[in-house]
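If you want the building blocks of each chain, they are given just below.
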Amino acid sequence: MKELLILGAGTAGTIMANKLRGCLPAAEWRIRVVDEAADHFYQPGFLFLPFGLYTDRDVVRPRSRFLPRGVEFVQAAVDRIEPDRRRVRLADGLELPYDVLLIATGTRPVPGQVEGMTNGDWRRRVHEFYTFEGARALQASLRDWRGGRLVVHVSEMPIKCPVAPLEFAFLADWWLTTQGLRDKTELVYVTPLSGAFTKPIASQVLSGLLDRKRIRVVTDFAVARVDNERHALVSWDERDVPYDLLVTVPPNLGADMIERSGLGDEMNYVPTERHTLRARGHENIFVIGDAADVPTSKAGSVAHFEAEVLTENVLAHICGEPLSERFDGHANCFIESGFGKGFLLDFNYQLEPVPGRFPFPRLGPLALLGESRLNHWGKLAFKWIYWHVLLRGWPIPFVDHRMSLAGKQIPAGALKAEMAG
Amino acid sequence: MAQKNIAGHTVDVDAEGYLTRPEQWNRAIAEALAQELNLQLTDAHWKVIEFLQSDYRERGTVPGMRRLNKVGGFATKDLYALFPDGPIKKAALIAGLPKPASCV
Ligand SMILES: Cc1cc2nc3c(=O)[nH]c(=O)nc-3n(C[C@H](O)[C@H](O)[C@H](O)COP(=O)(O)OP(=O)(O)OC[C@H]3O[C@@H](n4cnc5c(N)ncnc54)[C@H](O)[C@@H]3O)c2cc1C
């Protein structure tokens, strides 16, 4: 019996278990999935939880419900991978051998990386919404909000779903308005970037939106510490941003287990061949989702597109054939912009988000890099698609893993040359 | 593409003054670029510059703060003391490398 082992049963690990079980004969291949937590979280829902738009039931479900028959779920923390022995050691000492290993352990917020972030103000005046507990604690604090300075903050890049903090700011503007608190609240957006977003064309559009919504933006802010006495963010170049309520995105890092295994870069992401998704220097190890260091967004949609490529490549690897399927970096992200509207971004390694229509040229019906009501409905529909289609490993109609150029308005010079590696 | 005369050499630069052809760089140019930023290069500065250059050669991108901390062994505080305000941006400019994707 051969062993296919998947570490992490989040978005990417669950999709891969479903896809591969359908392809690999059960008599020859055992498939096991390891995760330390029994619950599966719909992380995009963490954005809506603080405002009471979603309840717990929208975002948490038992993991086992999404794994197919014929896949063994092992609930345990992974201690380390030992590539030379082709084994994975669990925290309880048990060892699991593998013939093929898929790393899908994601990324997580690590607030302890910023001096003072987890001191006295933590979960009182200083909050995050990148975890279930965090989003719930923030919901309680918002309920008591009567006005003051609300600061939305990104500690450093990269983070998963890099648009989420902007969406939080937009939704906060809307929510405060509905509560009659907008005029009593100063909204500030603090970012380490030189603009609103990582990609220039989208950044311009989103900056305009922040402006219109009277959200003040502080750029190039490299946070050194959180001062709990004065309730202020302090940067390395000694600038201060005081807060009454701070909603921060702490530094995001890959699993410690990756570091212990000696497989990670300085952020515990696994160096990965960006087109084949094989771990660099490791014949039998593949990486998918947020755990990989590939230069595209860390997002569930990316994990979904990668899964189509990786399934082909794992099967090719098993048959001793060359890995011929190529991932192009395709990402597709809805941005909730408040008041029942949203944006949609569609991009890859070669092309940053540009205006256009999606998925059909001219017809759309969704607008790329433009605000519309339909995009907002798209974002809400994503929850149903996530639980019922995406996790099962089924394709999403009309949306290919290769990004399409059709329907996009591409400014001169925006399309970059294909990258190597 | 703009050109610039510095320390007796003509070099190609982008709109923000970053060299676009690393092979045109030399130590005299670095000293002069540093002076324009009101910096006098010491051994400590050179250690940072040399790390940026060797890491860039190896990986094709200017390293971010975490990599400078963890792989280079430089503390953020010290980097801000050496290159005030924007340590990686300034050090990359002096090192003849492209503007870093990261933010400081
Ligand atoms: C607030 C927020 C909003 C978002 N919005 C969107 C959106 O609108 N659209 C979108 O596409 N994406 C969005 N995302 C991103 C998306 O949720 C992630 O990119 C996606 O879940 C990545 O999947 P993954 O499988 O790589 O990681 P995860 O789903 O995070 O799974 C990793 C799994 O590994 C397990 N694990 C880690 N270490 C160990 C260990 N040592 N031992 C055992 N198990 C371990 C964890 O328990 C976890 O279950 C959002 C994320 C957040 C936080």
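Note: the structure precedes this text.
Attention in this report is confined to the structure presented alongside it.

### Concerning the side chain of aspartate 121 of chain A
Residues and elements named next belong to chain A. Residue placement: aspartate 121 occurs in the loop between strand 10 (107–109) and strand 11 (126–127). Despite its burial, aspartate 121 pairs with no opposite charge; the closest candidate is arginine 125, at 4.3 Å N-O. At 2.8 Å, the side chain of aspartate 121 forms a polar contact with the side chain of histidine 231. Within the structure, aspartate 121 has its side chain in polar contact with the side chain of tyrosine 243 (distance 2.7 Å). Apart from residues lying up to four places away in sequence, aspartate 121 is in contact with Val126, Asn228, His231 and Tyr243.

### Description of the interface of chain B and chain A
Of the residues lining the interface, eleven residues belong to chain B; the matching set on chain A comes to 15 residues. Of the roughly 1100 Å² buried between chain B and chain A on both sides combined, carbon and sulfur atoms contribute 53%. Across the chain B-chain A interface, the total number found is four salt bridges. Between chain B and chain A we count five residue pairs in polar contact (both at pLDDT 80 or more) in total.

### Details of the sheet that holds strand 16 (residues 232–235) of chain A
All names here are of chain A. Taken together, the three strands give an open sheet; going across it, the order is 15-16-17, and neighbouring strands pair in antiparallel fashion. Edge positions in the sheet fall to strand 15 (223–227) and strand 17 (240–242), since each of these pairs with one other strand and no more. Along the sheet, successive strands turn relative to each other by an average axial angle of 20°, direction set aside. Relative to strand 16, strand 15 is paired through four bridges, and the arrangement is antiparallel.

### Quick look at unusual backbone geometry
All names here are of chain A. Cis rather than trans, the peptide bond between methionine 157 and proline 158 has omega equal to 0°. Along the chain, glycine 364 connects to proline 365 via a cis peptide bond; the corresponding omega equals 10°. Mapping proline 365 onto the fold places it in strand 24 (residues 364–368). Unlike most non-glycine residues, glutamate 238 shows phi in positive territory, near 65°. The exposure class assigned to glutamate 238 is exposed, which follows from its relative accessible area of 60%. The backbone of phenylalanine 398 sits at a positive phi, close to 70°, despite the residue not being glycine.

Cut-off values and rules
Residues numbered from 1 in each chain as written. Chains lettered and ligands numbered in written order. Predicted model: local features only at pLDDT ≥ 70, side-chain atom pairs only at ≥ 80, totals over all residues. Heavy atoms only, no water. Helix = DSSP H or I, 4+ residues; strand = E, 2+ residues; numbered from the N terminus. Buried < 20%, exposed > 50% of the residue type's maximum accessible area, 1.4 Å probe, protein only. Lys, Arg positive; Asp, Glu negative; His and termini not counted. Salt bridge = Lys/Arg side-chain N within 4 Å of Asp/Glu carboxyl O. Polar contact = N/O pair within 3.5 Å; in protein donor to acceptor, adjacent residues only side chain to side chain. Contact = heavy atoms within 4.5 Å. Buried area = accessible area lost by both parts, 1.4 Å probe. Pairing = 2+ DSSP bridges. Axes fitted to C-alpha atoms, helices over the stretch in contact; angles between N-to-C directions.

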